[in-house]
Amino acid sequence: ISFLQERGIDIEENDVPTDMELSAQMVLREQFAEKSLASALLGKDVQEVQLGGEVYRYENAMGAVQFHSDGSFSVQLEPSAVPISNGAEQAALLVLKKLGFEGVVLDRTDTQMVVRQTWEGAPLLGQNATVRWNETGLVSIEGSRLMGTPNKDGERTAITVPTALITFLNELDRMGDVYSGIQRITPGYISTVSLSGPTELTPVWEIVTDTSVYQLNTISGELSRIE
């Protein structure tokens, strides 16, 4: 931190993680649990339809839930199935919880809300769900979800905090980006889906400077700019 400050970069010690708390994880699809999740939302008498390509749809009179092998999912609901009389945001978060999706609200308008999924408190960057409603109730959900229980991947080890900071400094110099300070560092995960194997959860830092936002892979040290 002192080295960065000597280089004229404004950074506070409290804004830097003290260690690499997040470790690499592997996730296998728990397809057997998807019907239970759909039933928790839609109620009994859910019919399963195999659409091919590892896509499964579950439906009854209340609506339909569809799961894909890449973690994407969609929900269509009869508005009367999930009324919003007690508040649309509360109803949306409850429905997502029934689908095994818990997270934080990123954005909301009068008719929809975007929620980012979290796992054990860490944000899953890119795992978002958009919930839409009308004046009666919820009508649809579209997004991407964690489709199983993560297990530690012992073959991938994170770099240290000092290495991460110096890597970030060197990579920004190489990219030619101009900035004067680091405003926030948020540890989280990104996911890489494999059609023939488990999904990889890779720990990253989301780094906000005074000019842009970056993502630092804390396994490989690769840095990318978030548009």
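Let me begin by describing the structure that accompanies this report.

Quick notes on the rules
- Residues numbered from 1 in each chain as written.
- Predicted model: local features only at pLDDT ≥ 70, side-chain atom pairs only at ≥ 80, totals over all residues.
- Heavy atoms only, no water.
- Helix = DSSP H or I, 4+ residues; strand = E, 2+ residues; numbered from the N terminus.
- Buried < 20%, exposed > 50% of the residue type's maximum accessible area, 1.4 Å probe, protein only.
- Contact = heavy atoms within 4.5 Å.
- Areas by Shrake-Rupley, 256 points an atom, 1.4 Å probe, with all protein chains shown as cover.
- Lys, Arg positive; Asp, Glu negative; His and termini not counted.
- Charge placed at Lys NZ, Arg CZ, Asp CG, Glu CD.
- Pairing = 2+ DSSP bridges.
- Core = buried A, V, L, I, M, F, W, Y, C linked by side-chain atoms within 4.5 Å.
- Phe/Tyr/Trp six-rings, centres within 6.5 Å; stacked < 30°, edge-to-face > 60°.

Some thoughts on the overall build of the protein
- Regarding its fold elements, the protein presents 4 helices and 14 strands.
- The C-alpha extent of the protein, read off along each of the three principal axes, is 65 × 40 × 25 Å.
- Looking at the 227 residues of the protein, the share that counts as buried comes to 44%.
- Relative to all contacts within the protein whose residues are 6 or more apart in sequence, the contacts with residues 24 or more apart total 52%.
- Carbon and sulfur atoms make up 46% of the accessible area of the protein, which amounts to about 11,800 Å² in all.
- Computed over 16 positive and 32 negative side-chain charges, the inter-centroid distance for the protein is 6 Å.

As for the pairing of strand β3 (residues 55–60)
- Two elements, strand β2 (residues 47–52) and β3, share 5 bridges in a ladder whose sense is antiparallel. Its bridge partner being in β3, glycine 52 is matched across the sheet by valine 55.
- Turn length for the β2-β3 hairpin, with the two strands adjacent in sequence and antiparallel, is 2 residues, and the turn residue glycine 53 shows positive phi of about 65°.
- Relative to strand β4 (residues 63–67), β3 is paired through 5 bridges, and the arrangement is antiparallel. Following the sheet pairing, tyrosine 58 is matched in β4 by valine 65.

What about the environment of phenylalanine 32?
- Along the chain, the position of phenylalanine 32 falls in the loop between β1 (25–27) and α2 (34–42).
- Using a relative accessible area of 66% as the deciding quantity, one classes phenylalanine 32 as exposed.
- Sequence spacing of phenylalanine 32 and threonine 109 is 77 residues, and the spatial spacing of their C-alpha atoms is 35 Å.

Some remarks on the nonpolar core
- Ranked by internal contacts, the top residues of the largest apolar core, which has 28 residues, are Leu41, Val65, Phe73, Val75, Leu99, Leu138 and Ile141.
- Only α2, β3, β4, β5 (72–77), α3 (88–98), β7 (112–119), β8 (122–133) and β9 (138–144) provide two or more residues apiece to this core.
- A total of 5 residues in this core trace back to one element, the largest contributor, which is α3.
- Sequence-distant contacts of valine 75, defined by excluding residues within four places in its chain, comprise Leu41, Ala64, Val65, Leu99, Val139, Ser140 and Ile141.

Thoughts on the packing of aromatic side chains
- Applying the stated criterion to the full structure yields 5 aromatic pairs.
- The interplanar angle of 65° and the centroid separation of 6.1 Å between the aromatic rings of phenylalanine 168 and tyrosine 179 together place this pair among those described as edge-to-face. Highlighted residues: phenylalanine 168 in helix α4 (residues 161–175) and tyrosine 179 in the loop between α4 and β11 (182–192), separated in sequence by 11 residues.
- Assessed through its relative accessible area of 15%, tyrosine 179 is described here as buried.

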